[in-house]
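Working through the structure, step by step
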Number of protein chains: 2
Amino acid sequence: MSGGERREQILETAVRLFSQNGFNGTTTKEIAAAAGVSEAMVFRHFSSKDALYEAILDTKSCQGESQFPWTTNKVLLDAMARKDDYEVFYNIALHAMNKHQSDQGFMRLLLYFALEEHALASKFFKEFVTRIYKFIGDYIKTRQADGAMRDLEPNIAVRAFMGMLLHHSLNNILWDKKRTVLNISNEEAADNFATILLNGIKK
Amino acid sequence: MSGGERREQILETAVRLFSQNGFNGTTTKEIAAAAGVSEAMVFRHFSSKDALYEAILDTKSCQGESQFPWTTNKVLLDAMARKDDYEVFYNIALHAMNKHQSDQGFMRLLLYFALEEHALASKFFKEFVTRIYKFIGDYIKTRQADGAMRDLEPNIAVRAFMGMLLHHSLNNILWDKKRTVLNISNEEAADNFATILLNGIKK
DNA sequence: GTCTATATGACGATAGAC
DNA sequence: GTCTATCGTCATATAGAC
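Residues numbered from 1 in each chain as written. Chains lettered and ligands numbered in written order. Predicted model: local features only at pLDDT ≥ 70, side-chain atom pairs only at ≥ 80, totals over all residues. Heavy atoms only, no water.

1. Brief notes about the relation of the copies chain B and chain A
Each copy of the sequence occupies a distinct position, and chain B is placed on chain A by a rotation of 180° and an axial shift of 0.0 Å, giving an RMSD of 0.1 Å. Both copies of the chain, as the preceding transformation shows, are related through a two-fold rotation axis. Both copies present the same face, since 100% of the interface residues in chain B are matched by interface residues at the equivalent positions in chain A. (Least-squares fit on C-alpha atoms with pLDDT ≥ 70 in both. Contact = heavy atoms within 4.5 Å.)

And the structure:
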């Protein structure tokens, strides 16, 4: 296996293990074993465990665009142009929750890194949270100007909406994996959350 | 210092450090130093680091009642009796978020334990989440029977509402400590969240 | 109850052969 | 590019004196 490939493979293995057990809870030996190489190989490609962590953040930062594919989703942009509020928020909710569900490891990684307060993690969060709030907030402002939504701080509405989505996903990933408290499809959740929010902020 | 006192003190120190750096990120040496005793003393009172972890869960489980003081809050119970929906949800939101704010360490601890998937942690979550959903869900059912709220699965409404509260608190604790994205008081947040939810689910 | 000293093992990281 | 062997350090946990 070539250098680049091996490096990539070790990196992916590390992401997987960090997302399962956190940075401190994962040993370089485990990473090596899971990647099917010796521990020395890990240190050949990454000078230290910290360097491995930084490489992950760089990778994930560069993949940033792909973290929010729904911001360029055609159906969504169409709905926004038509000002079909329900379609807009339903699609945002559905795509976000589908993404969370299919990328649970990444969600866990973000939580671990947030808790562990690595310097670069906060930069990562800020960058993307700011973007989402602007994206949805701007749409709400437009609809307020249209007189379709009542006059409240747009970011509060975004906070409320993202709260529903993220909390629901976190429940499914962390606390209620068996769905004993609430067992609904992402479509049903998206429908309900979009409806609650829109009724909640309409004029 | 007597045995019981010292044990208590070590336990509290451990809770603080675990909440800051997680279980794996905290050493018994650090705990001993922070508690002002030798490392041997930690192991005299707790046979292992794992035993320390279990003792924390036991303690926190027993303190369960005090984790949700608002379920017995007089103002809230009054509002429920009067069926003053806004007062009910405003007070739930405000008390919950105030609690989160004053007990950020405990919030972090819960997140760490959820991520680290210790067996007893899930028991802890299940016990209390179930209780909250029943408490609020029952009220919503009553109001639906009154014809005041529309016919949706009560637990979905609870999920949406708890999502707003918890996500807002998590933002303040983890990602947006400086409040650069959204800087509002708990009162303002409670007012907005209660209003959004109630408009969102009223008939 | 509290300490110092230490055993035992794991972890991050390196050296050097192939 | 990959390995085995190993180093120094730190972590959990114990022994034994006071």
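2. Re the side chain of Asn-192 of chain A
If you trace the backbone, Asn-192 of chain A turns up in helix H11 (residues 186-201). We classify Asn-192 of chain A as buried; its relative accessible area is 10%. Discounting residues that sit within four places of it in the chain, Asn-192 of chain A has contacts with Leu-152 and Ile-156 of chain B. (Helix = DSSP H or I, 4+ residues; strand = E, 2+ residues; numbered from the N terminus. Buried < 20%, exposed > 50% of the residue type's maximum accessible area, 1.4 Å probe, protein only.)

3. Notes on the protein's contact with DNA strand D
Close contacts around DNA strand D come from 17 residues, with Ser-38 and Arg-44 of chain A together with Thr-28, Glu-39 and Lys-49 of chain B the closest. In DNA strand D, atoms within 4 Å of the protein come 59% from sugar and phosphate. At 3.2 Å, a backbone N or O of Gly-3 of chain A approaches a phosphate oxygen of DNA strand D. Elements supplying a minimum of two residues to the surface near DNA strand D: helix H1 (3-21) and helix H3 (39-45) of chain A together with helix H3 (39-45) of chain B. (Near = heavy atom within 4 Å. Polar contact = N/O pair within 3.5 Å; in protein donor to acceptor, adjacent residues only side chain to side chain.)

4. Some points on the nonpolar core
Within the largest apolar cluster, 147 residues are counted, with the highest numbers of intra-cluster contacts made by Phe-89, Phe-113, Ile-136 and Phe-193 of chain A together with Phe-89, Ile-136 and Phe-193 of chain B. Looking at this core, the element that brings in the most residues is helix H10 (residues 154-175) of chain A, giving 12 residues. Discounting residues that sit within four places of it in the chain, Phe-193 of chain B has contacts with Ile-156, Arg-159 and Ala-160 of chain A together with Met-97, Phe-161, Met-164, Leu-165 and His-168 of chain B. (Core = buried A, V, L, I, M, F, W, Y, C linked by side-chain atoms within 4.5 Å.)

5. As for the pattern of salt bridges
With the rule as written, the count across this model stands at 16 salt bridges over all chains. For Asp-146 of chain A, the salt bridge identified is with Arg-143 of chain A, shortest N-O distance 2.8 Å. Two residues, Lys-74 of chain B and Asp-78 of chain B, come together in a salt bridge whose shortest N-O distance is 3.8 Å. Of the two residues, Lys-74 of chain B and Asp-78 of chain B both sit in helix H6 (residues 74-82), 4 residues apart, roughly one turn of that helix. According to the relative accessible area criterion, Lys-74 of chain B is exposed, its value standing at 62%. Residues participating in the shared-partner salt-bridge network are Lys-83, Asp-85, Arg-143 and Asp-146 of chain A. (Salt bridge = Lys/Arg side-chain N within 4 Å of Asp/Glu carboxyl O.)

6. Quick look at the packing of H10 of chain A against H11 of chain A
All names here are of chain A. It is at 11 Å that the axes of H10 and H11 come closest, and there the two elements cross at 160°. If you check the angle between H10 and H11, you find them roughly antiparallel. Relative to H11, the crossing made by H10 is right-handed. Note on element contacts: H11 touches H10 through Ala-189, Phe-193, Ala-194, Ile-196, Leu-197 and Ile-201, opposite Ala-157, Ala-160, Phe-161, Met-164, Leu-165 and His-168. Split by residue class, the contact of H10 with H11 holds 11 nonpolar, 1 polar and no charged. (Axes fitted to C-alpha atoms, helices over the stretch in contact; angles between N-to-C directions. Parallel < 35°, antiparallel > 145°, perpendicular 65-115°, else oblique. Left-handed = near helix turned anticlockwise from the far one by under 90°. Nonpolar A, V, L, I, M, F, W, Y, C, P; charged D, E, K, R; others polar.)

7. Quick word on helix H8 (residues 104-116) of chain A
Residues and elements named next belong to chain A. With 13 residues, H8 extends 18 Å between its outermost C-alpha atoms, agreeing within 8% with the 18 Å of an ideal straight helix rising 1.5 Å per residue. Most of H8 is tucked away: 11 of the 13 residues are buried. Among the residues of H8, those classed as buried are Phe-106, Met-107, Arg-108, Leu-109, Leu-110, Leu-111, Tyr-112, Phe-113, Ala-114, Leu-115 and Glu-116. One or two steps after H8, the chain reaches Glu-117, where phi turns positive at roughly 55°. (Expected span 1.5 Å × (residues − 1).)

8. A word on the protein's contact with DNA strand C
In the region of DNA strand C, 17 residues are neighbours, and Thr-28 and Lys-49 of chain A together with Gly-3, Ser-38 and Arg-44 of chain B sit closest. Within the side chain of Glu-39 of chain A, one N or O atom sits 3.4 Å away from a base nitrogen of DNA strand C. Gly-3 of chain B is positioned with one of its backbone polar atoms (N or O) 3.1 Å from a phosphate oxygen of DNA strand C. If you list the elements that add at least two residues to the surface near DNA strand C, you get H3 of chain A together with helix H1 (3-21) and H3 of chain B. Among the residues making up the surface near DNA strand C, the classes are represented as 6 nonpolar, 7 polar and 4 charged.

9. A closer look at the interface of chain B and chain A
With 49 residues of chain B at the contact, the number on the chain A side is 49 residues. Where chain B abuts chain A, roughly 4100 Å² becomes buried across the two surfaces, and 68% of that area is made up of carbon and sulfur atoms. Linking chain B with chain A are 2 salt bridges, by the criterion used here. Here Lys-177 of chain A ties to Glu-117 of chain B by a salt bridge, and the two come within 2.2 Å at their closest N and O atoms. Taken together, the links from chain B to chain A amount to 10 residue pairs in polar contact (both at pLDDT 80 or more). Secondary structure elements with two or more residues in the side of chain B that touches chain A: H1, helix H8 (104-116), helix H9 (119-145), helix H10 (154-175) and helix H11 (186-201) of chain B. The dominant element in the side of chain B that touches chain A, judged by the number of residues it contributes, is H10 of chain B, at 16 residues. (Buried area = accessible area lost by both parts, 1.4 Å probe.)

On their own, these measurements won't tell you what the molecule is for.
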